[in-house]
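Each chain, written out:
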2 protein chains.
Amino acid sequence: MADRVRPRTLKGFRDLLPSAAVAREHLVDVARSVFRRYGFGPIETPALEYTDILLGKGSDEADRQLYRFEDAGGRDVALRFDLTVPLARYVAEHEHELGMPFKRYHVGTVWRGENTQRGRYREFLQADFDTIGTESVVADVETAAVIDELFSSLGFERFTIKVNNRKVLNGLLERLDVARPSTTVLRALDKLPKIGAQAVSAELVDVAGLTAGQAAEILTFAEMAGSTGDVLAGLERLVASSATGRSGVDELVRFFDGAAAGGVASVELDVAIARGLDYYTGTVFETYLDDLPDIGSCCSGGRYDDLAGVYTKSRLPGVGASLGVDRLLAAIAELGLLDSAAAVSPVLVAMFDADRGSDHIAVAAELRRAGLSVELYPDARKLSAQLRYADQRGHRVAVIIGPDEWETATGQVKDLVTGASTRVARAALAGECLRILSGGPAPT
Amino acid sequence: MADRVRPRTLKGFRDLLPSAAVAREHLVDVARSVFRRYGFGPIETPALEYTDILLGKGSDEADRQLYRFEDAGGRDVALRFDLTVPLARYVAEHEHELGMPFKRYHVGTVWRGENTQRGRYREFLQADFDTIGTESVVADVETAAVIDELFSSLGFERFTIKVNNRKVLNGLLERLDVARPSTTVLRALDKLPKIGAQAVSAELVDVAGLTAGQAAEILTFAEMAGSTGDVLAGLERLVASSATGRSGVDELVRFFDGAAAGGVASVELDVAIARGLDYYTGTVFETYLDDLPDIGSCCSGGRYDDLAGVYTKSRLPGVGASLGVDRLLAAIAELGLLDSAAAVSPVLVAMFDADRGSDHIAVAAELRRAGLSVELYPDARKLSAQLRYADQRGHRVAVIIGPDEWETATGQVKDLVTGASTRVARAALAGECLRILSGGPAPT
């Protein structure tokens, strides 16, 4: 064919082969089941929205990264770049159907025309969950409980949910008479683990315009360490003269009290985390894997005063977090927590004789009725080729029925890990497959 | 705020409220688990592709419906309008990593700028599964087995998979010396159930240019009825002089033999179904709900000679089908097969006293540890407001702990269907919730 098209994908976009797609489906399944266990229900929103909706509160950066175009009807439209803006629009639009509090999760693809040189993709999956319409710290604790259960359920043994409250820093800035917004201060503080106290102090003075004394107090604050109780007591002293600061400390006290009551053992107070420059107004979360600290936070979020002020006059406070799906998948692979090389169906029924296609179909159907997941090889290729296929695909067991076996109403069941092969009566095929899959003892 | 943006979605696009999203997630979960039971693994492809990839073999209609634009890098790109073209590109691109046969499923969103006046959406979900790299009729039977198990698993009791083979009609046209392609003939035949034999005959003569004799023979063929065996015998006589026709009948014989062996009871030969004008080359499927015949086929597909000829010189035959997710969801709702009004978490723990937030968190955690899915109401609103919320959300059980209950380490468990309330010891709360959820007898 002269006009063949070269198969290729766009820069920053990618296919998932089955092994990667199996791992992603597993992660999403676990996330959804944990969200539901805490009363969060799913929603869906369109991938494409009016551009003015998506840019409602948008930064210049979001604007630059937008996949934006004019549709056939002349509308200015764009692909969503996160799930938070669509949530705000959704809640404003359906406020009266939803009722409050509204607890939703949303697993969806988002698109950003990011610089791919940093190894970033332009299309990726997000999984967000939020509780909207309440200011109760109970909802903050439940958010942490979801993260805790989710990470445990994914098989991570060592992880830390770092918790802070934006009001504490705001209270400190208030006391120090530093003019808000505190964006430049937060931006400098975020660099503390990377560039150290001295460089941050310099930035606070040079960029944020603080005095050396103010910078020193903020660093004392950011470097506070010790038990949660000790740090809370220290914070209380530091912000005692600010109502905002006291309220932040009080929220932290109630948060850690609630987390202890709920058995959420992975939370830890860390006054250095800032999370989000202008968006969050109370509790903030970042979640780190203790065994892979360098990959950064895998689940972040926090409390906000008002979700949807751009779209509605109703004030909608809430709290939520967002899972870094692809980052977690990389971690799961690196820590070997999922055998994604395993076949989706562990049993392969080999095809020995094309004229016996229907007989093979009947065998596969019998095994499936016994509860097994079974792939039936469709062609009567050489057995060695079929077993090579099983090996590549990660099948655990092969069922092989040749002329002798049809004669005698038996079948060979081959354990593809040990190589051992057993001949059993046809009625016993399913049992023998189940025995191998469950790691039971060999029949004597 | 002066610059508020009115919350709205694009024409042809829609949000899913939680009850609709729960139903869709359930359908997709069932579909994926059946696909896997038959050895199909998941894949993902980008939503956005180069336009020349998507139009590789595209019709003018596909072109017109495309969401197409120039990205920030000057590339001509478009949103995918189905999952078949991306599959062809994917298989051509990854042929050597995949190996054959390759069995994949793909659940994904597609976009078409269709006329919304016919009640069509411009964004919808598809669920496709295909077996590529084999010409074996065994794979055709397995395709029907997947559809059969999928519809049963979704709770449909009465449905029919109508099966035909394109080679039979092609053989008949060959014998009648009707020039191919047979598109106009197929298009006329597809209208048989709607406009009747006489009108179809007229169209065959006027539009397709057949003689009255040819039209009569084709109608005799299309109206053949009776047992599968009888019809097959009739077809065999009708196309005896055409090699293509005989091969089609032979494939049908082997298909129905295999389906019987595999216990696929819902298949039925229907020589009138044509399915796809040029794409399919052998077996074709359409699936109808016997109780809702008017909604049309809910799962259609068939066998093709060559999936990816536009992208690769390898010939890749295969067979597959595509679920009409939204059509099935409408059917599930209409037949009342899913209680989508039920809460994702059946138990609501009410909040009686904001100062006891941590105690309530502890109760919710205890119930969850007992295996229950539990929503904790975050605010100490009036109990009547919380019970109204539970009613709207579809909770089944409310756990209420007031001052008396904290005193005595007890709790009220309220059955929200019967209205009955039982006071039990705190340690017995989970057991009482489980009893109500499982419909067990009341304690005496």
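Residue numbers run consecutively from 1 along every chain, following the written order of its sequence. Think of it this way: whatever chain is written first is A, whatever ligand is written first is 1, and the rest follow in order. Reporting of local features is limited, given that this is a predicted model, to residues whose pLDDT is at least 70; pairs of side-chain atoms are given and counted only at 80 or more, and all residues count toward the totals for whole chains, interfaces and linings.

Peer 1: In this structure, what is going on with the sheet that holds strand S4 (residues 76–79) of chain B? I would like to understand it.
Peer 2: Sheet strands associate in pairs through backbone hydrogen bonding, adopting either a parallel or an antiparallel arrangement. Residues and elements named next belong to chain B. Here we have three strands laid out as an open sheet, ordered S2-S4-S3, and antiparallel in their pairing. In this open sheet, the two strands that pair with only one neighbour each are strand S2 (48–50) and strand S3 (68–70). For this sheet, the mean angle separating the axes of adjacent strands, direction not counted, is 35°. For two strands to be treated as a pair, DSSP must find no fewer than two bridges joining them. Secondary structure is summarised from DSSP: a helix means a run of H or I of at least four residues, a strand means a run of E of at least two, and numbering begins at the N terminus for each. Relative to S4, S3 runs antiparallel, the two being bridged by three bridges. Bridge assignment links phenylalanine 69 to a residue of S4, and that residue is valine 77. Here the axes come from fitting lines to C-alpha atoms, over the contacting stretch only for helices, and the angles between their N-to-C directions go from 0 to 180 degrees.

Peer 1: Help me out: how do you make sense of the relation of the copies chain B and chain A in this one?
Peer 2: In this arrangement, two copies of a chain are superimposed by a rotation about an axis accompanied by a shift along the axis. Least-squares superposition of the copies uses the C-alpha atoms of those residues scoring a pLDDT of at least 70 in each of them. Superposing chain B onto chain A takes a rotation of 180° plus a shift of 0.0 Å along the axis, which leaves an RMSD of 0.1 Å. The superposition operator between the copies reduces to a two-fold rotation axis. Closest approach to the rotation axis among the C-alpha atoms of chain B is made by phenylalanine 69 of chain B, whose C-alpha sits 3.1 Å away. Two residues qualify as being in contact provided that their C-beta atoms, derived from the backbone, are within 7 Å of each other. Here 100% of the contact residues of chain B are again contact residues in chain A; the copies associate through an equivalent surface.

Peer 1: I would appreciate a short explanation of the pairing of strand S4 (residues 76–79) of chain A in the present structure.
Peer 2: Remark: a regular strand shows side chains that alternate across the two faces of the sheet. Strand direction decides the pairing type here: strand S2 (residues 48–50) of chain A and S4 of chain A, joined by three bridges, are antiparallel. Paired with leucine 48 of chain A across the two strands is leucine 79 of chain A, which belongs to S4 of chain A.

Peer 1: Any chance you could explain the interface of chain B and chain A here in plain terms?
Peer 2: Interfaces are frequently sized by the accessible area removed from exposure as the parts join. Taken residue by residue, the interface counts 88 residues in chain B and 88 residues in chain A. At eight residues, the largest contribution of residues to the side of chain B that touches chain A is made by helix H13 (residues 357–369) of chain B.

Peer 1: So what exactly am I meant to see when it comes to the sheet that holds strand S10 (residues 299–304) of chain A here?
Peer 2: Residues and elements named next belong to chain A. Judged by pairing direction, the sheet is mixed, and its eight strands sit side by side in the order S1-S5-S6-S11-S10-S9-S7-S8 without closing on themselves. Both edges of this open sheet fall to strand S1 (41–42) and strand S8 (267–269), since each of them pairs with a single strand only. Bridge count for strand S7 (residues 159–165) against strand S9 (residues 283–289) is seven bridges, and the pairing is antiparallel. Across the sheet, threonine 160 pairs through a bridge with tyrosine 288, a residue of S9.

Peer 1: It is not clear to me how the domain arrangement of chain A should be interpreted in this structure. Could you clarify?
Peer 2: All names here are of chain A. Residue ranges assigned to the domains are those given by an automatic or database domain assignment. Entries for chain A in the domain assignment read domain 1 (15–155 + 305–341), domain 2 (159–289) and domain 3 (347–437). With centres defined by C-alpha atoms, the gap from domain 1 to domain 2 works out at 26 Å. Taken together, the contact between domain 1 and domain 2 spans 14 residues of the former and 17 residues of the latter. If you list the elements that add at least two residues to the side of domain 1 that touches domain 2, you get helix H5 (137–153) and strand S11 (318–324). Ranked by the residues each element gives to the side of domain 1 that touches domain 2, the list is headed by H5, at 10 residues. Just so you know the grouping, Ala, Val, Leu, Ile, Met, Phe, Trp, Tyr, Cys and Pro go in nonpolar, Asp, Glu, Lys and Arg go in charged, and all remaining residues, Gly too, go in polar. Residue composition of the side of domain 1 that touches domain 2, grouped by class: 10 nonpolar, one polar and three charged.

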